[in-house]
Every structure is written in C-alpha cells, then in structure tokens.
Amino acid sequence: MLFVYIFIALIVTLLLVSALMPKIYNVEKTVIIKKAVAQVMRRVSNLNDYALWNPWQQSEPASSRTISGSAGVPGHQYAWRGKKIGTGSLTLKNIDDKHIHFELELLKPWKSKAKDNWLFEPWADGETKVTWQNSGNLPWPIARLMSPLITKNLNYQFETGLNNLKKLCEGG
C-alpha cells in the first residue's frame, strides 16, 4: 500500500511541477548570409526548397511530403508525415520586403501550433542578416515537463538549419 501512496505522490508532484513550467517557448537564432535579401527570402518562402535545408526533413528523407500553393504567396504549404518527424504542416501566412511569417501546425506526436517568423536585414556588402524565430504553446503536462529538452533541441535544429540555408544560398 505504501507503494501506491508514493506513486500517487510522485504523479501529483510531476503535475504540479508541470503547472509551474513555462506555458510557451521561444527560440531565436541568427546567421549572416553572403547574398542579397531578395535571394535569401526566395529560398525561405519557396517551400519546394524546404527539404534542402531544413534539418527535421533531412532527418527522415523517406517521409511523405506534399507541397501546395504558389511559392512565395500566402497559402503556400508544406505538409509532412513520418515515423520519426511526426505529422504537421507549415503554411506561409504573410510576406513583405523583410519578413516572412509562417504558421506551424503539429498533429503528431502532439497537437500544437506555433509561429515561425523570419526577419531579413541588409548587412554589409550585399549580405543578409537572417533571424529565424519560433514560438508556441507547450501543452500541459508532458510538453511542459519536456520544455528544457525541447528548447535545447530546437536551438540545435535552428543553428543547423540556418547553416544549411547559408550553404544552399551561398552555393557551397
């Protein structure tokens, strides 16, 4: 019987800890790319190029992918389904001369929506400073308990993705 009480106390403690954990996450990374703003923005806003630089898609090349809509136009969408990367979609919501805004919707392993925002700033000698920012809710309780691991993984994936994008844009 003591085991049952200890087990219940452990579950209650985990639920309380998860209630105190952050409800949202925010990840932001930056890279300088030796290409003009318009050239870099074309690569990011064209979801036909997404799998060429995105580390999640590269981690499961055999996943199924569907691309719809016109590149660089709101409504352009990239959807995926895989055993490792789960199921979700990325939809272009808004674009102007220095921003691209996407909506990221994850269906598996858990349902979640996030904002995927990009800022492109002219830098020295025709270069572009690219900032990739992603924020979203962390569902209670599991995702909140995993928030330190999720944030660490996202930071690594963003660094990898931006370096891949840099290589793709710079042709190396």
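Look a little higher up for the structure.
Residues numbered from 1 in each chain as written. Predicted model: local features only at pLDDT ≥ 70, side-chain atom pairs only at ≥ 80, totals over all residues. Heavy atoms only, no water.

1. Here's the deal with the nonpolar core
(1) Moving on: Core analysis: the biggest nonpolar cluster contains 32 residues, and Ile100, Phe102, Trp118, Phe120 and Val130 have the highest contact counts within it.
(2) Moving on: When neighbours within four sequence positions are excluded, Phe102 is seen to be in contact with Val44, Ser45, Leu47, Leu90, Thr91, Leu92, Lys93, Ala114, Lys115, Asp116 and Trp118. (Core = buried A, V, L, I, M, F, W, Y, C linked by side-chain atoms within 4.5 Å. Buried < 20%, exposed > 50% of the residue type's maximum accessible area, 1.4 Å probe, protein only. Contact = heavy atoms within 4.5 Å.)

2. Looking at the packing of aromatic side chains
(1) Moving on: Enumeration according to the criterion identifies 11 aromatic pairs in this entry.
(2) Moving on: On the numbers, 5.5 Å between centres and 85 degrees between planes, the contact of Tyr50 with Trp53 is edge-to-face. Here Trp53 and Tyr50 lie together in helix α3 (residues 50-53), a separation of three residues that amounts to about one turn. Residue Tyr50 shares its accessibility class with Trp53, and that shared class is buried.
(3) Moving on: For the ring pair Trp132 and Phe158, a centre distance of 3.8 Å and an interplane angle of 15 degrees mean the geometry is stacked. A residue pair is termed long-range when its members are at least 10 positions apart, and Trp132 in strand β7 (residues 128-137) and Phe158 in helix α6 (residues 147-170) qualify at 26 residues. (Phe/Tyr/Trp six-rings, centres within 6.5 Å; stacked < 30°, edge-to-face > 60°. Helix = DSSP H or I, 4+ residues; strand = E, 2+ residues; numbered from the N terminus.)

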